[in-house]
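# Fold and geometry: a report
Read off the chains here:
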Amino acid sequence: MKHHFLALRALCALATLGSVSGALAQSAPASAPRAGPYVVAAAGRSHYDYDCYLLACDQTRGNASKLGFGYRFDVVGVEGWWIDHGPATTRNLGGPLRMRQAGINAVWTARWGAYLEGLLRAGGAQVQLTHPTGGIAAVSVKTSHFEPTFGLGLDVTVAPAVSIELAWDLVRGRSDSTDVLTQTVTLGLKLRF
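Below or above, wherever it landed, is the structure these notes cover.

### Here we look at the overall build of the protein
Helix and strand content of the protein: 1 helix and 9 strands. Across the 193 residues that make up the protein, the buried fraction comes to 44%. Pairs at least 24 residues apart make up 60% of the contacts formed inside the protein by residues separated by at least 6 positions. Carbon and sulfur atoms provide 68% of the accessible area of the protein, an area that totals close to 9900 Å².

Encoded structure:
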């Protein structure tokens, strides 16, 4: 139930950004799609679901950071990302849980006025999961697998080459003993060149 509040807060923030952008878009003419390179730096919060049995999962949270670069060709683009979903305390694993990923994805952009764009991301990443084994002698296990990634975002232009990006990312991490599904909400700064 707690992860629903994280999604609800993200939707409220998206709605607020959308209404502000709509007001700005009414006062400015629509511009042509932006092509070229860009970088993004963002921070936010991750929500981990792990050790799921039937309909119940254990949950924890961590502070996330991400760094990305990309190139946009009109409404489509390609991006590279490094995301640290942050360390999180677990109840039943006996120690901290952490996921990191480095990957590449395609991004599709939908323009809504002069200042607001919607983003859809899909790709793949090498995901590193570190978690304790549990038990009396807790030992950390580190595994790495290639996993699909998915994301949504809103991009609000605040200057000709600067925008603020609110994003939601979804990725899975796994090992022999546990699967972890991570949802991350971040707010960041995008600089276009």
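### Focus: the packing of aromatic side chains
Inspection of the entire model under this criterion finds 2 aromatic pairs. Seen from their ring centres, Y71 and F73 are 4.8 Å apart, and the 50° between their planes marks the pair as tilted. The class for Y71 is partly exposed, based on a relative accessible area of 34%. The exposure class of F73 is partly exposed, given its relative accessible area of 47%. Taken together, a centroid distance of 5.9 Å and an interplanar angle of 75° make the contact between F150 and W168 edge-to-face. One end of the pair, F150, is in strand β7 (residues 140-159); the other, W168, is in strand β8 (residues 162-174), with 18 residues separating them in the sequence. Classification of F150 by relative accessible area gives partly exposed; the value is 32%. Assessed through its relative accessible area of 23%, W168 is described here as partly exposed.

### Brief notes about unusual backbone geometry
Of note in this structure, D74 is not a glycine but carries a positive phi near 65°. As for its position among the elements, D74 is in the loop between β2 (56-73) and β3 (76-84). With relative accessibility at 40%, the residue D74 sits in the partly exposed group.

### Topic: the pairing of strand β6 (residues 116-132)
For β6, the tally of buried residues reaches 12 of 17 residues, placing the bulk of the element in the interior. Here strand β5 (residues 96-112) pairs with β6 via 15 bridges, running antiparallel. Counted as the bridge partner of N105 is G123 from β6. Hairpin connection of β5 to β6: 3 residues between the antiparallel strands, including G113 at a positive phi of 90°.

### Concerning the side chain of S46
With respect to the helices and strands, the residue S46 is situated in strand β1 (residues 36-53). The exposure class of S46 is buried, given its relative accessible area of 0%. A polar side-chain atom of S46 sits 3.0 Å from the main-chain carbonyl oxygen of H85. What S46 contacts, discounting residues up to four positions off in sequence, is T60, R61, G62, A64, H85, T182, Q183 and T184.

### A short note on the nonpolar core
Core analysis: the largest hydrophobic core is formed by 10 residues, namely Y48, Y50, A88, L97, M99, A125, V127, L129, V171 and V180. For this core, the elements supplying multiple residues, two or more each, are β1, β5 and β6. Top contributing element to this core by residue count: β6, with 3 residues. With residues near it in sequence (within four places) discarded, V180 still touches Y48, D49, Y50, L97, M99, L129, V171, R172 and G173. Among the nonpolar cores identified, the runner-up in size contains 6 residues, and Y38, V40, I83 and V107 belong to it.

### Re the environment of T130
Looking at the secondary structure, you find T130 in strand β6. Residues T130 and P96, 34 residues apart in the sequence, show an inter-C-alpha distance of 8.0 Å.

### Let's talk about the pattern of salt bridges
The full count for this structure, using the stated rule, is 12 salt bridges. Of the charged contacts in the structure, one is a salt bridge between D84 and R98, with a shortest N-O distance of 2.6 Å. In this pair, D84 is assigned in strand β3 and R98 in strand β5, connecting sequence segments 14 residues apart. For E147, the salt bridge identified is with R174, shortest N-O distance 2.5 Å. Of this pair, E147 sits in strand β7 while R174 sits in strand β8, and the two are 27 residues apart along the sequence. When salt bridges with common partners are traced through the structure, they connect E79, R121, D155, E165 and K190 into a single cluster.

Criteria and cut-off values
- Residues numbered from 1 in each chain as written.
- Predicted model: local features only at pLDDT ≥ 70, side-chain atom pairs only at ≥ 80, totals over all residues.
- Heavy atoms only, no water.
- Helix = DSSP H or I, 4+ residues; strand = E, 2+ residues; numbered from the N terminus.
- Buried < 20%, exposed > 50% of the residue type's maximum accessible area, 1.4 Å probe, protein only.
- Contact = heavy atoms within 4.5 Å.
- Areas by Shrake-Rupley, 256 points an atom, 1.4 Å probe, with all protein chains shown as cover.
- Phe/Tyr/Trp six-rings, centres within 6.5 Å; stacked < 30°, edge-to-face > 60°.
- Pairing = 2+ DSSP bridges.
- Polar contact = N/O pair within 3.5 Å; in protein donor to acceptor, adjacent residues only side chain to side chain.
- Core = buried A, V, L, I, M, F, W, Y, C linked by side-chain atoms within 4.5 Å.
- Salt bridge = Lys/Arg side-chain N within 4 Å of Asp/Glu carboxyl O.

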